[in-house]
Structures are given as structure tokens and as C-alpha cells.
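Listed below are the residues making up each chain.
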Amino acid sequence: MQPDPEPLAASPRVMPVDALRGFALLGILMMNVLFFSGPSQQIFGRPLSETPFPWAYGLVLVLAQGKFYGLFSLLFGLGFAIQMDRFAARGEQPGRRFRRRLMVLLGFGLLHGTLLWMGDILAIYALIGLLLPAFARCKPRTLLVWAIGLLIVLALIGAAIAGLVAMGAAFAPQEMARSFAAQDQAMAAETARSLAAYGSGPYSALFTFRLKELFSNYGMTLVLAPHILAMFLLGLWAWRKGIVQDLQAHRPFLKKLALWGFGLGLPGNLLYGYLLGQGFTVDGTAKALLGMSLSAFTSPALTLGYAAGLVLFVLGPGARLGAWLAGAGRMSLTNYLTHSLVMTTIFYFYGFGLFGRMALPLALGIGILLWVGQLFLSRAWLQRHAQGPLETLWRRLAFGRATA
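Calculation criteria
Residues numbered from 1 in each chain as written. Predicted model: local features only at pLDDT ≥ 70, side-chain atom pairs only at ≥ 80, totals over all residues. Heavy atoms only, no water. Helix = DSSP H or I, 4+ residues; strand = E, 2+ residues; numbered from the N terminus. Rg over C-alpha atoms; globule rule 2.2 N^0.38 Å. Buried < 20%, exposed > 50% of the residue type's maximum accessible area, 1.4 Å probe, protein only. Contact = heavy atoms within 4.5 Å. Areas by Shrake-Rupley, 256 points an atom, 1.4 Å probe, with all protein chains shown as cover. Lys, Arg positive; Asp, Glu negative; His and termini not counted. Charge placed at Lys NZ, Arg CZ, Asp CG, Glu CD. Phe/Tyr/Trp six-rings, centres within 6.5 Å; stacked < 30°, edge-to-face > 60°. Lys NZ or Arg CZ within 6 Å of the ring centre and 35° of its normal. Salt bridge = Lys/Arg side-chain N within 4 Å of Asp/Glu carboxyl O. Patch = residues over 30% accessible without salt bridge, like charges linked within 9 Å, V, L, I, M, F, W, Y side chains within 5 Å. Core = buried A, V, L, I, M, F, W, Y, C linked by side-chain atoms within 4.5 Å. pLDDT = per-residue confidence, 0-100. Expected span 1.5 Å × (residues − 1). Axes fitted to C-alpha atoms, helices over the stretch in contact; angles between N-to-C directions. Parallel < 35°, antiparallel > 145°, perpendicular 65-115°, else oblique. Left-handed = near helix turned anticlockwise from the far one by under 90°. Nonpolar A, V, L, I, M, F, W, Y, C, P; charged D, E, K, R; others polar.

Peer 1: How do you make sense of the overall build of the protein chain when you look at a structure like this?
Peer 2: If you tally the helices and strands in the protein chain, you get 15 helices and zero strands. For 404 residues, the compact-globule estimate of 2.2 N^0.38 gives 22 Å, and the C-alpha radius of gyration of the protein chain, at 21 Å, lies within 12% of that figure. In terms of its C-alpha atoms, the protein chain occupies a principal-axis envelope of roughly 65 × 45 × 45 Å. Across the 404 residues that make up the protein chain, the buried fraction comes to 51%. Considering only contacts in the protein chain between residues 6 or more positions apart, those separated by 24 or more positions represent 78%. Of the roughly 18400 Å² of accessible surface on the protein chain, 70% is carried by carbon and sulfur atoms. For the protein chain, the separation between the mean place of its 32 positive charges and that of its 14 negative charges on side chains is 9 Å.

Here it is, written out as C-alpha cells:
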């Protein structure tokens, strides 16, 4: 295949946007540490009080879970809007070029999931991203209506399921008790298989188990497709409204967004954490599902609070920190995949073999150290190169050659 005559040149960077990507990497890593370091069955679904170090898991649950893949989704939609405008300005077919980028991203995601770690999100972004060209010409108001509508649908689905479970517990308590007892046995067996595969090997057992968990992860993540697409559309909306093009002029709006985002998001996520912390037990499942329904709005609220607050900070007194965050954000694909390479080496049997053997606070501390190290490494790399190594490869595979 012949390369395109002139692949798209690198666009001028918007430092606060890159800083948001760098910050999002930290939140994504804190959430993923729960999966890197041990069997997720030991935490998810159990009452918070029964988990190891409930305060650590509680903090991740309230402050990170759902908020940072939401932030990346927001930035993904924003990136789509920027690309569409730039492709169109060159007289090209934006949808075709964008789909080529997504197909390469899908390939990265599938390789990541099968060869490194089962918690891949890239393939899901690529698949849901295929819907974005259908919204490319929508007016800002239409985008906002779609985003809110998708979140309402997600919340209603969660509430309906919670209601059905509550009815089952009320009218068929014995059947529910037997069902949950069987579920507990299945989870215990799955935990044992996870510890054996990741902690002891051999690699064939690890690979087989990882494939099973990967497709299970993809299935569960696709349930959240309305949330991801809604955040994509909010990113597109922010570009269409001209907010990103002139952040200084929109400081009053950003202040209001930060105030409302934190004001609603923090208490809402505390309630979400409390409800989800009841666990998927006979008595707690309906409450946990109600909490998940609530998170359809509380998570985006806190995500928007994070985004507006950080942008205001780096536009003002935090400009130096913003520059450091922006370096990591410019290499977000490289850094994200490096998380999996480093953390699986630390925890899986073919590395240091610490899977299921390390206290969660220590594992989170290692994740923070890795992220801080990436700030320095990204800055050093970008002093000599225009892009991260995998960002360059992405362009080369999508457009036929890399550009500066």
C-alpha cells in the first residue's frame, strides 16, 4: 500500500489538554493497580468492610473508579473533533482517515490484551469511537442532549436491575440465598485459578486464563458504552463551543464547572462508594446496583470537576506542574502500555511473582512512583523527539509514515 502523500502534521499542542492526559494516567493507574496486584475477586463484589485495607480501596472507589476512563473518554472525543476539523480543512474525507486511526488503535488494544494484560480499554475505545463520525456535524445543543440522554439510559438500566434484585430478595429469599451461595463458591474457585495462573504459571495457563478474563472484561466494559460515548460527545461539544480554543476567555465557565463538578461529584461519589461497598450479597446487591445507577451521573460530575479544576490550576499558579504533566500526556499511549509492561513484570510469576502477595497501599505506592518516573522520562524523551515511540508507530501504521 502506498503511503498517503502528506500525512497530517502534528498540531499545535494545547498544554492544559495534554496536562489533563498526564493527570488521567495517574487515575487510570491507581484503578488498574487493583487488577495488576491481585485477584479482582478478592475486592470487587465483596462488602467493603471485608476487603483488605478497606480505606485504600474506598479511596480508589470514590476518587478514581469511573472518573478517569471518563476523563480519557472526554479527551478522546475532543481529539476526534480536532482531527475532523483538520482533515476537513485539507479537503479530505474525515471519517475515512479517522477510521484508519481507530483500526490501528484496535490492533494495539487486542495485542495489549492478549499479550500483556486483560484490562485493556483501547479496543473498546476504538469500537465505540466508530460511532463518532455520525455525530461530527451535530450542533452543540444536540451533542449535549445526546450525552445527557445516554447517561439517563444508563442510570435507568441500573435502577431497573436494582429493583428486580430487590423484588427477588423480598419475594424469593431462599432462592436468592442459594443463588448467592453458589456465586460465592464460584468466586472462590475463580480466585484460586487467578492466583495459580498469574502467580505460579506456567505461561500457557496464564495465557489461557488471561484470554478468558480479557473477553469477560470487554463484555463488562461494553455495558458502560453509554457512559463512554456520552463523554466522547462532551469532548466534541467542548470543541464545538470553542471552549478549548480559548481557555482563558472561558475561565468563568470553568470556575462554575469546577464548583458544580466537585459540589455534586464528591458527595455523590461518597454515597456511591457507600452503596457499592455493601457488596454483591443477598442484602447488599440491590444497594450496590443502585449505587452503580447513581454513578451514571456522579462519576461524570467529578470527572468534569477534575478537568475544569486542573485546567484552571495549570493556567495559573500550576503552570510548571502543568508542563510536566503535559509531557506525560503527549505520550499517553506509550505510558499507558508501559504501565502494563512494568506492573505485570512486578506482579506476575515470570517477573517478581508478587501477585496476591502485596498489601494494596504498597501496590498503590509503586504505581505512584511509576507515574512520577514517567513524568521525568517523558520530558527527557520529548527533548529529543516530537512524539512518543508508540505515538510515532501509530501514525506510521495509520498514514504510511510518521510526521514531525
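Peer 1: What am I meant to see in the packing of aromatic side chains here?
Peer 2: Here the structure, examined in full by the defined rule, presents 25 aromatic pairs. Measuring from ring centre to ring centre gives 5.9 Å for phenylalanine 262 and tyrosine 306, while their planes differ by 70°; the resulting arrangement is edge-to-face. Linking phenylalanine 262 in helix α10 (residues 251–276) with tyrosine 306 in helix α11 (residues 285–315), this pair joins segments that are 44 residues apart in sequence. For phenylalanine 262, a relative accessible area of 30% gives the class partly exposed. Residue tyrosine 306 is classed as buried on the basis of its relative accessible area of 12%. Judged by centre distance (5.9 Å) and plane angle (85°), the rings of tyrosine 348 and tyrosine 350 are edge-to-face. Residue classification places tyrosine 348 among the buried residues on the basis of a relative accessible area of 1%. Members of the aromatic cluster, joined through ring pairs, are Tyr198, Tyr203, Phe207, Phe209, Tyr348, Phe349, Tyr350 and Phe355. Above the ring of tryptophan 324, the side-chain terminus of arginine 379 is found at 4.2 Å from the ring centroid.

Peer 1: It is not clear to me how the pattern of salt bridges should be interpreted in this structure. Could you clarify?
Peer 2: Opposite charge on two side chains allows them to pair when their charged atoms are near. Going through the model one piece at a time under the given rule, you end up with five salt bridges. Between glutamate 175 and arginine 178 there is a salt bridge, with its nearest N and O atoms 3.9 Å apart. Residue glutamate 175 and its partner arginine 178 are located together in helix α7 (residues 173–199), separated by three residues, close to a single helical turn. Overall, arginine 178 belongs to the exposed group, its relative accessible area being 52%.

Peer 1: Explain a nonpolar patch on the surface to me, please; I cannot follow it from the model alone.
Peer 2: A cluster of nonpolar side chains, Phe53, Trp55, Leu59, Leu63, Phe262 and Leu266, forms an exposed patch at the surface whose accessible area comes to about 540 Å². With three residues, helix α2 (residues 54–63) is the largest single contributor of residues to the nonpolar patch.

Peer 1: Please clarify how the nonpolar core should be interpreted in this entry.
Peer 2: Of all hydrophobic cores here, the largest spans 107 residues; its most connected members are Tyr125 and Phe347. Not counting residues up to four positions away in its chain, the partners in contact with tyrosine 125 are Tyr69, Phe72, Ser73, Phe76, Leu105, Ile228 and Phe232.

Peer 1: Help me out: how do you make sense of the confidence of the model for the protein chain in this one?
Peer 2: Averaged over all residues, the pLDDT of the protein chain equals 92, while 96% of them reach at least 70. Long-range and interchain partners of residues 1–10, a stretch whose pLDDT sits below 50, account for 26 contacts in this model, where long-range means more than four residues apart.

Peer 1: Help me understand the side chain of serine 299, please; the structure alone is not making it clear to me.
Peer 2: Of note, serine 299 is situated in helix α11. Assessed through its relative accessible area of 2%, serine 299 is described here as buried.

Peer 1: Is there a simple way to think about the environment of phenylalanine 36 in this case?
Peer 2: If you trace the backbone, phenylalanine 36 turns up in helix α1 (residues 15–36). It is 19 Å that separates the C-alpha atoms of phenylalanine 36 and valine 62, two residues lying 26 residues apart in sequence. Those residues in contact with phenylalanine 36, other than ones at most four positions away along the chain, are Leu29, Trp117, His339, Ser340, Met343, Thr344, Phe347, Tyr348 and Phe355.

Peer 1: It is not clear to me how helix α6 (residues 140–171) should be interpreted in this structure. Could you clarify?
Peer 2: An α-helical turn contains 3.6 residues, so any two residues separated by three or four positions project in the same direction. In a regular helix each residue adds 1.5 Å, so 32 residues correspond to 46 Å; α6 covers 47 Å between its end C-alpha atoms and thus fits that length. Turning to α6, its buried residues number three or more, namely Leu143, Ala147, Leu150, Leu151, Leu154, Ala155, Gly158, Ala162, Val165 and Gly168. At its buried positions, α6 is contacted by α7, α8 (203–223), α9 (225–240) and α11.

Peer 1: Explain the packing of α6 against α9 here, please?
Peer 2: Relative to each other, α6 and α9 sit at 160°, their axes nearing to 8 Å. When the axes of α6 and α9 are compared, the pair comes out roughly antiparallel. Here α6 runs over α9; the crossing is left-handed. Each of Pro140, Leu143, Leu144, Trp146, Ala147, Leu150, Leu151 and Leu154 in α6 lies in contact with α9, whose residues at this interface are Pro226, His227, Leu229, Ala230, Leu233, Leu234, Leu236, Trp237 and Arg240. Its residues placed into classes, the contact of α6 with α9 shows 15 nonpolar, one polar and one charged.

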